[in-house]
Amino acid sequence: TAEVVGPALTGFLVQLLTAPVAILLDACSFLASAGAIAAIGTEEQAVDTDHNAGGWRDMFAGAGYVFRHPILRPLALRAVTAAFFWGFFSTLYVIYAVRELGIGPAALGIIIALGGISSLTGALLVGRIVRRFPLGHTMIAAAVLSGLAALLIPLGTGPLWGAVCLAASQLFGDISYPIYNVPELTLRQRIAPPHLLGRVNACMQMLFKGVWPIGALMGGVLAANIGMRMTLVICGLGVLASSLWLVVSPVRRLDREPGLKDG
């Protein structure tokens, strides 16, 4: 709901109230979120009571498990590779749409909102998809579709054709995200033992979000030297290439639920 309503509303707010006021309203939403979290009164009990070897070993336990596991390792490597190139996207997408294609804030908000609708659709369909098709093939197809969708972005020229390409990228790219992400997260939860699950998830999150800023910086440097369009082409090719980690791994052979024991 937030991804569908937020971007579309933001575009109109920027044009109606100016960008600083829209950002101020956004800041207030974070305060409301902090208040909601502060209101949670449940006390959590520690799950991992048998691991008292110190902070550093505790930190690296999740990473060690991930990179030793034949299923989790390619998932982690794919996440790192994709995150690096998605960093290009995060730096350049809005600038490219506004400066190069001439798309206004309201129109861009609507285009991004289409991605939210597409993402919701993917989340609703993923259960049926993984019950009908092999799990590994589904994840690889979703990863490939994500890369192909990213390659649609630099095809845009001018406001009209650019808007069409961006909308198509949002529709195809965002529907692929939950179709990949839901099974990927489910695999983590089923594979990792309970006392390591939190650290495995933290490792995967850190790999993805830790590499993303490096990609954002590199994307900015490349765009300054070879142009935004060519940098976005490299972004799409990089995201597409990240699926190779899955193709050459045991993930490709995963069927449905019983296939998880292969790992």
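Rules and cut-offs
- Residues numbered from 1 in each chain as written.
- Predicted model: local features only at pLDDT ≥ 70, side-chain atom pairs only at ≥ 80, totals over all residues.
- Heavy atoms only, no water.
- Helix = DSSP H or I, 4+ residues; strand = E, 2+ residues; numbered from the N terminus.
- Rg over C-alpha atoms; globule rule 2.2 N^0.38 Å.
- Buried < 20%, exposed > 50% of the residue type's maximum accessible area, 1.4 Å probe, protein only.
- Contact = heavy atoms within 4.5 Å.
- Areas by Shrake-Rupley, 256 points an atom, 1.4 Å probe, with all protein chains shown as cover.
- pLDDT = per-residue confidence, 0-100.
- Lys, Arg positive; Asp, Glu negative; His and termini not counted.
- Salt bridge = Lys/Arg side-chain N within 4 Å of Asp/Glu carboxyl O.
- Polar contact = N/O pair within 3.5 Å; in protein donor to acceptor, adjacent residues only side chain to side chain.
- Core = buried A, V, L, I, M, F, W, Y, C linked by side-chain atoms within 4.5 Å.

What follows is about the overall build of the protein. What the protein contains, in helices and strands, is ten helices and zero strands. Order of helices (α) and strands (β) in the protein, N terminus to C terminus: α-α-α-α-α-α-α-α-α-α. Scaling as 2.2 N^0.38, a compact globule of 263 residues should have a C-alpha radius of gyration of about 18 Å, and the protein matches this with 20 Å. Each principal axis of the C-alpha distribution contributes one length, and for the protein these read about 55 × 45 × 40 Å. Buried positions account for 38% of the 263 residues belonging to the protein. Once local pairs closer than 6 in sequence are excluded, the contacts in the protein between residues at least 24 apart make up 82%. Surface exposure of the protein reaches about 14,400 Å², of which carbon and sulfur atoms provide 69%.

Here the focus is the confidence of the model for the protein. Averaged over the protein, the pLDDT score is 87; the fraction of residues at 70 or greater is 91%. The least confident element of the protein, judged by mean pLDDT, is helix 1 (residues 2-17) at 77; the most confident is helix 10 (residues 244-247) at 96. Taken together, the stretch residues 257-263 has pLDDT below 50 and engages in ten contacts with residues farther than four places along the chain or on a different chain.

Checked against the element boundaries, Arg78 lands in helix 4 (residues 72-100). No salt bridge forms around the buried Arg78; measuring N to O, its nearest opposite-charge neighbour Glu184 is 7.6 Å away. Among the polar contacts listed, one links the side chain of Arg78 to the side chain of Ser242, at a separation of 3.3 Å. Dropping the residues within four chain positions of it, Arg78 is found in contact with Ala143, Ser146, Tyr180, Val239, Ser242, Ser243, Trp245 and Leu246.

Quick look at the pattern of salt bridges now. Summed over all chains, the structure comprises one salt bridge. With a shortest N-O distance of 2.8 Å, Glu184 and Arg188 are connected by a salt bridge. Here the residue Glu184 and the residue Arg188 both occupy positions in helix 7 (residues 158-191), the gap between them amounting to four residues, near one helical turn. Residue Arg188 is classed as buried on the basis of its relative accessible area, which comes to 6%.

This next bit is on the nonpolar core. Buried together is how nonpolar side chains tend to be arranged in soluble globular proteins. Within the largest apolar cluster, 25 residues are counted, with the highest numbers of intra-cluster contacts made by Leu75 and Leu187. The dominant element in this core, judged by the number of residues it contributes, is helix 6 (residues 135-152), at five residues. Apart from the residues lying within four places of it in its own chain, the contact partners of Leu75 are Met139, Tyr180, Glu184, Leu187, Met204, Leu246 and Val251. Of all hydrophobic cores here, the second largest spans 22 residues; its members include Ala82, Tyr96, Ala97 and Ala223.

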